[in-house]
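Coordinate inspection notes
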Amino acid sequence: MPISFARRIQQVQPSATLAVDAKAKAMQAQGIDVVGFGAGEPDFTTPQHIVQAGIAAMSGGDTHYGAKRGNELKDAIVAKLKRENELDYAAEQVVVSCGAKHSLYNIVQVLVDEGDEAIIPAPYWVSYLEQVRLAGGKPVIIETGEETGFKISPEQLERAITPKTRLFFFNSPSNPTGAVYTPDEIRALAQVIEKHNLVTISDEIYERLIYGDISPLSLGSLSKKLLEELVITVNGVSKTYAMTGWRIGYAAGPKPIMNAAKKLQSHATSDPAAFSQAGACEALKNLRMSDEAIMHMCEAFDERRKHMIKRIHELPGVSILEPLGAFYAFANVSGVFGRKIGGIEIKSAMDFTNIALEQAKVAVVPGEAFGSPKHVRLSYATSVELIDKGLDRLRDLLK
Ligand SMILES: Cc1ncc(COP(=O)(O)O)c(C=O)c1O
């Protein structure tokens, strides 16, 4: 008898970013020399002082449920949010989860019901959309493009709100575009959010990866009402401290929402791994060593960013708006559409991605996954040598 799957999983697509990465890794495992620009993670290993803290926790017997360091980590998060983001939360308003993806999942599950709407600016990080669908909700997409720097206006946000709206996803710096909202732009959106009592997730996971002179600003810090009633701040250690494999993310927000998230998580996963919590504690508390490591990684990302942008500008038919944050270049490949390469006509970003992988052995992520069919995403969290190698191949492919 065929297995019948629940509706909620049937309406969800697998993560395209993970799929491209898996295909590239499978080719590499067969001995094919693929240059991977698909990954959404720093290529650096976790700074040693953090690794040592994780090891020490395990050897010291911190191997139980509800890690010994659970409260210490929440206190460290509260202190970080106050120190760096001017956000005043109590420890009981913080939920630590298995990555920020899990934090977001909790929030969506407790707020979105069958038929509810969630507003998502496009290009978007792929999991926002699918998490809303998993909850039975309807994603309401606000389109943006290069002409507005891939940013939405307050008017666009206001127009998207309906009586069924339950949630708005705000992400700056953005994955996949690298767009960073200025403090004034965030203040203008905050006015609409307050006026309509719009519950908002502010995903600040790339906040430390900003190049140039825009300072980060946390949406929740702009008023008491935003902080206490409307904004859930989501962050984590994955990107800032090169700790993607440790799986520690967190959300902080209004008490009733966080209590509901705690209840959900208590039946799904309980606390994240004990040694991971110890590592995250070290990352957030040993400021001198962590800041030094972050500065070193940021400088390397910035150098690679500039190099990759320069090299993308040299590709015929491809254009790019300078990304100012995160570690992604979001290249517009629509100028190549209609051309035949190796006998195959390129009609979409997906075609471009397939041809790049199969014929040039370069892995990028198709924009369709982010709601933007004219673009592909290239991660520059890789060495300058590999950026050159991959971009040489793409140049030769498109010549
Ligand atoms: C915008 C955004 N939010 C959240 C996450 C989740 O990160 P993690 O689950 O590793 O903490 C990612 C990871 O790619 C991301 O790009």
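Since we're looking at a predicted model, the values are computed, not measured. (Residues numbered from 1 in each chain as written. Predicted model: local features only at pLDDT ≥ 70, side-chain atom pairs only at ≥ 80, totals over all residues. Heavy atoms only, no water.)

1. Observations concerning the domain arrangement of the protein
Along its sequence, the protein is carved into domain 1 (7-45 + 290-398) and domain 2 (48-286). With 37 residues of domain 1 at the contact, the number on the domain 2 side is 37 residues. Roughly 3,000 Å² is buried in total at the junction of domain 1 and domain 2, and carbon and sulfur atoms are behind 59% of that figure. Summed over the shared surface of domain 1 and domain 2, the number is one salt bridge. Salt-bridge contacts for Arg 208 lead to Asp 291; the nearest nitrogen and oxygen are separated by 3.2 Å. Taken together, the links from domain 1 to domain 2 amount to 17 residue pairs in polar contact (both at pLDDT 80 or more). Contributing elements (two or more residues each) for the side of domain 1 that touches domain 2: helix H1 (7-10), helix H2 (16-29), helix H12 (287-313), strand E10 (328-332) and strand E15 (375-379). In terms of residues, the side of domain 1 that touches domain 2 owes the most to one element, H12, which gives eight residues. (Domains from an automatic or database assignment. Contact = heavy atoms within 4.5 Å. Buried area = accessible area lost by both parts, 1.4 Å probe. Salt bridge = Lys/Arg side-chain N within 4 Å of Asp/Glu carboxyl O. Polar contact = N/O pair within 3.5 Å; in protein donor to acceptor, adjacent residues only side chain to side chain. Helix = DSSP H or I, 4+ residues; strand = E, 2+ residues; numbered from the N terminus.)

2. Thoughts on the environment of Glu 282
Note that Glu 282 resides in helix H11 (residues 274-285). Between the C-alpha atom of Glu 282 and that of Val 51, which follows or precedes it by 231 residues, the distance is 9.1 Å. Excluding anything up to four places from it in sequence, Glu 282 contacts His 49, Ile 50, Ala 53 and Ser 290.

3. Describing helix H8 (residues 183-195)
A rise of 1.5 Å per residue sets the reference length of H8, with its 13 residues, at 18 Å; its end C-alpha atoms lie 19 Å apart and thus fit the reference within 8%. All of the buried residues along H8 are Ile 186, Leu 189, Ala 190, Val 192 and Ile 193. An end-on view of H8 places all buried positions within 165° of arc, on one side of the element. Of the residues in H8, the exposed ones pointing more than 90 degrees away from the buried face are Asp 184, Gln 191 and Lys 195. (Expected span 1.5 Å × (residues − 1). Buried < 20%, exposed > 50% of the residue type's maximum accessible area, 1.4 Å probe, protein only. Arc of directions from axis to C-beta.)

4. Observations regarding the environment of Leu 81
Looking at where Leu 81 falls in the secondary structure, it is placed in helix H4 (residues 70-85). In this structure, the C-alpha to C-alpha distance between Leu 81 and Glu 322, residues 241 residues apart in sequence, is 29 Å. Setting aside anything within four residues of it in sequence, one finds Leu 81 in contact with Glu 86, Leu 87, Tyr 89, Thr 233, Tyr 250 and Ala 252.

5. Description of the pairing of strand E8 (residues 249-252)
Going residue by residue along E8, you find Gly 249 and Ala 251 tucked away on one face and Tyr 250 and Ala 252 tucked away on the opposite face as well. In the sheet, strand E2 (residues 94-97) pairs with E8 via four bridges, with the strands oriented antiparallel. Note that in E8 the partner of Val 95 across the bridge is Ala 251. As paired strands, strand E7 (residues 231-236) and E8 are joined by four bridges and run antiparallel to one another. Looking at the pairing, Gly 236 lines up with Gly 249 of E8. (Pairing = 2+ DSSP bridges.)

6. With respect to the site of the ligand
Close to the ligand lie 14 residues, the nearest being Ala 100, Asn 175, Asp 203, Ser 238 and Lys 239. Contacts to the ligand include Ser 238, whose side-chain N or O atom sits 2.7 Å from an oxygen atom. A distance of 2.6 Å separates an oxygen atom of the ligand from a polar side-chain atom of Lys 239. Residue composition of the shell around the ligand, grouped by class: six nonpolar, four polar and four charged. (Near = heavy atom within 4 Å. Nonpolar A, V, L, I, M, F, W, Y, C, P; charged D, E, K, R; others polar.)

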